[in-house]
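# Coordinate inspection notes
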Amino acid sequence: MPQLSPYRRLFRLPGARAFTAGNLIARLPMGMFSVSAVVMIAGSRGSYALAGAVTATGLAAAALVAPWIARLVDRQGQARVALPATVIAVLGSLSLLLCVRHDAPDWTLFASYAATATTPNTGGMSRARWAHLLAGDAKALHTANSFEQAADELCFMLGPVLAAFLCGTLFPEAGTLVGAVLLLAGMVLFTTRRATEPPVRAHIPGKAPLRAPGIPPLLAVCLAMGAVFGATEVVTLAFADAQGRQSAAGVVLALQAAGSCGAGLLYGAVKPAGPAAARLPWCLAAMAALLALPLLAATLTGSLLALAAALLIAGMATAPTMVTTMTLVQERTPEGRLNEGMTLAVTGLLGGIACGSAIGGWTVEHLSPTAGYVIPVTAAAAALALSLPLASNRFTVIPTPH
């Protein structure tokens, strides 16, 4: 298939397959942990509001801790920082499991899940490796970024299915346990592939990414997009549970990620027209429009099957939007600080996911799961409004790391 040839060329690079394998294993739990936590806590305590609040707290903590971890990675190297940080995060996950299992007070759930905030940004580290390997080749870097976004979606596609299966067939804590094991094993494999690791620069010149021109508006867009993802996940879990089909929720969420994964791979095989700043509002407009489909499906049919089809279609706007956003982040991040810049974008997403999860949990608890689907549409419209200045204003483009 001709459209796959850019990806074949990508993985002919020495060491590319090896670090990608470890990174994918470490990223799979990304789609497992929040679903596992919601199922585990809601099943044990009988409250989606509590489950949403716990996951929101963990994500908010990650929003504060992740940039600091990323800065250490840029200055000390991926291998020296990422593995110890992963060990702390795994211990937090195991603590959450034990607290739920032994009916510990609610505050222990918040404290345990907050400890997982040290999880390194595996996607950011992988993108930093591609930027190092493909310096000067913009087309190949676009393909690599599209692959990385498709990989994120693949993990979000398989993660909820695996989590729901493990929690439903074995025991409620199984998803969290398996996710912790995969995270640690994948990070060990990734960090031991030293040949492709970007060089360490102990003294990095230039501004911090947060103060770089164009980055703060991008973070605001990421915050709004994160609210889309967080609300959609919690509301879909509750919608399936209300119909007595909680075990199918993972499959429904996986279909949304499948739509995004397929669209991302196709997007990476073509050369997009025009600058990324001009493309972003169009991507967000498509996302806002397509997110109306799940709302209509839930409101008009009440059918989980119709909702699944709507989420599949709605997901097709996600990967192109995320690839375009991350391309802008790479363009505007000062040299030598790429992992920190990418992590700031992920931090914005996490902060949004935290808000979306909390608002989604509240809406489900006090209104209805169907009403909850208004939140993703509203958040996507907000992201569109926030992106318009990016297209109209000119910011200084800062070279990506070499």
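In this text the structure is predicted, and so the values were computed from the model without any measurement. (Residues numbered from 1 in each chain as written. Predicted model: local features only at pLDDT ≥ 70, side-chain atom pairs only at ≥ 80, totals over all residues. Heavy atoms only, no water.)

## Description of helix 13 (residues 292-300)
Along helix 13, the positions that sit buried rather than exposed are P294, A297 and A298. End-on, the buried residues of helix 13 take up no more than an arc of 95°, which puts them together on one face. Of the surrounding secondary structure, the elements contacted by the buried residues of helix 13 are helix 10 (215-242), helix 12 (276-290), helix 14 (304-314) and helix 17 (369-372). Just beyond helix 13, the residue with positive phi is G302, at close to 65°. (Buried < 20%, exposed > 50% of the residue type's maximum accessible area, 1.4 Å probe, protein only. Helix = DSSP H or I, 4+ residues; strand = E, 2+ residues; numbered from the N terminus. Arc of directions from axis to C-beta. Contact = heavy atoms within 4.5 Å.)

## A closer look at the packing of helix 5 (residues 78-101) against helix 6 (residues 106-115)
Two numbers describe a pair of packed helices, the interaxial angle and the distance between the axes. Viewed as axis vectors pointing N to C, helix 5 and helix 6 meet at an angle of 160°, and their least axial separation amounts to 7 Å. In terms of orientation, helix 5 and helix 6 fall into the roughly antiparallel class. By crossing handedness, the relation of helix 5 to helix 6 is classed as left-handed. Across the interface between the two elements, I88, A89, G92, S95, L96, C99 and V100 from helix 5 touch T108, L109, S112, Y113 and A115 from helix 6. Residue classes in the contact of helix 5 with helix 6 are distributed as eight nonpolar, four polar and no charged. (Axes fitted to C-alpha atoms, helices over the stretch in contact; angles between N-to-C directions. Parallel < 35°, antiparallel > 145°, perpendicular 65-115°, else oblique. Left-handed = near helix turned anticlockwise from the far one by under 90°. Nonpolar A, V, L, I, M, F, W, Y, C, P; charged D, E, K, R; others polar.)

## Side note on the domain arrangement of the protein chain
The assigned domain composition of the protein chain is domain 1 (6-196) and domain 2 (209-391). Put simply, the middle of domain 1 and the middle of domain 2, counted by C-alpha atoms, are 18 Å apart. Across the domain 1/domain 2 interface, buried area totals approximately 3700 Å², and carbon plus sulfur atoms make up 66% of it. Contact with domain 2 buries area across many residues of domain 1, yet Y48, L59 and H142 alone supply 17% of it, more than any other trio. Connecting domain 1 to domain 2 are zero salt bridges. On the surface where domain 1 and domain 2 come into contact, there are zero residue pairs in polar contact (both at pLDDT 80 or more). When contributions to the side of domain 1 that touches domain 2 are tallied by element, the ones reaching two or more residues are helix 1 (5-10), helix 3 (33-45), helix 4 (48-76), helix 7 (122-133) and helix 8 (138-169). Among the elements that take part in the side of domain 1 that touches domain 2, helix 4 stands out by supplying 16 residues, more than any other. (Domains from an automatic or database assignment. Buried area = accessible area lost by both parts, 1.4 Å probe. Salt bridge = Lys/Arg side-chain N within 4 Å of Asp/Glu carboxyl O. Polar contact = N/O pair within 3.5 Å; in protein donor to acceptor, adjacent residues only side chain to side chain.)

## Considerations on helix 5
Note on helix geometry: an α-helix contains 3.6 residues per turn, so any two residues three or four positions apart are oriented the same way. Its 24 residues place the ends of helix 5 34 Å apart at the C-alpha level, agreeing with the 34 Å of an ideal helix rising 1.5 Å per residue. Just beyond helix 5, the residue with positive phi is D103, at close to 55°. (Expected span 1.5 Å × (residues − 1).)

## So, the nonpolar core
Counting 64 residues, the largest nonpolar core has I41, L96, L109, W130, L134 and L304 as the members making the most contacts within it. Listed in part, the 33 residues of the second largest apolar core include A224, A314, V329 and L338. (Core = buried A, V, L, I, M, F, W, Y, C linked by side-chain atoms within 4.5 Å.)

## Thoughts on the confidence of the model for the protein chain
Taken residue by residue, the protein chain gives an average pLDDT of 81. The fraction at 70 or more is 91%. Put simply, helix 8 is where the protein chain has its lowest mean pLDDT, 77, and helix 9 (residues 174-191) is where it has its highest, 91. Overall, residues 394-402 carries pLDDT values under 50, and its contacts beyond four positions in sequence, including any with other chains, amount to 30 contacts. (pLDDT = per-residue confidence, 0-100.)

## What about the pattern of salt bridges?
All told, the structure shown has three salt bridges when counted by the stated rule. The partner of R27 in a salt bridge is E148, and the shortest N-O contact between them spans 2.5 Å. With a gap of 121 residues between them, R27 in helix 2 (residues 16-27) and E148 in helix 8 connect regions that are remote in the sequence. Each member of the pair, R27 as well as E148, is classed as buried. With a shortest N-O distance of 3.1 Å, E173 and R101 are connected by a salt bridge. One end of the pair, E173, is in the loop between helix 8 and helix 9; the other, R101, is in helix 5, and 72 residues separate them in sequence.

## Things to note about a positive patch on the surface
On the surface, R8, R9, R12, R17, K139 and K271 cluster together to form a positively charged patch. On the secondary structure map, K271 appears in the loop between helix 11 (249-268) and helix 12. (Patch = residues over 30% accessible without salt bridge, like charges linked within 9 Å, V, L, I, M, F, W, Y side chains within 5 Å. Areas by Shrake-Rupley, 256 points an atom, 1.4 Å probe, with all protein chains shown as cover. Lys, Arg positive; Asp, Glu negative; His and termini not counted. Charge placed at Lys NZ, Arg CZ, Asp CG, Glu CD.)

## Remarks on the environment of L255
Note that L255 resides in helix 11. In sequence terms L255 and P67 are 188 residues apart; their C-alpha atoms lie 31 Å from each other. Setting aside its immediate chain neighbours within four residues, L255 contacts A308 and L312.

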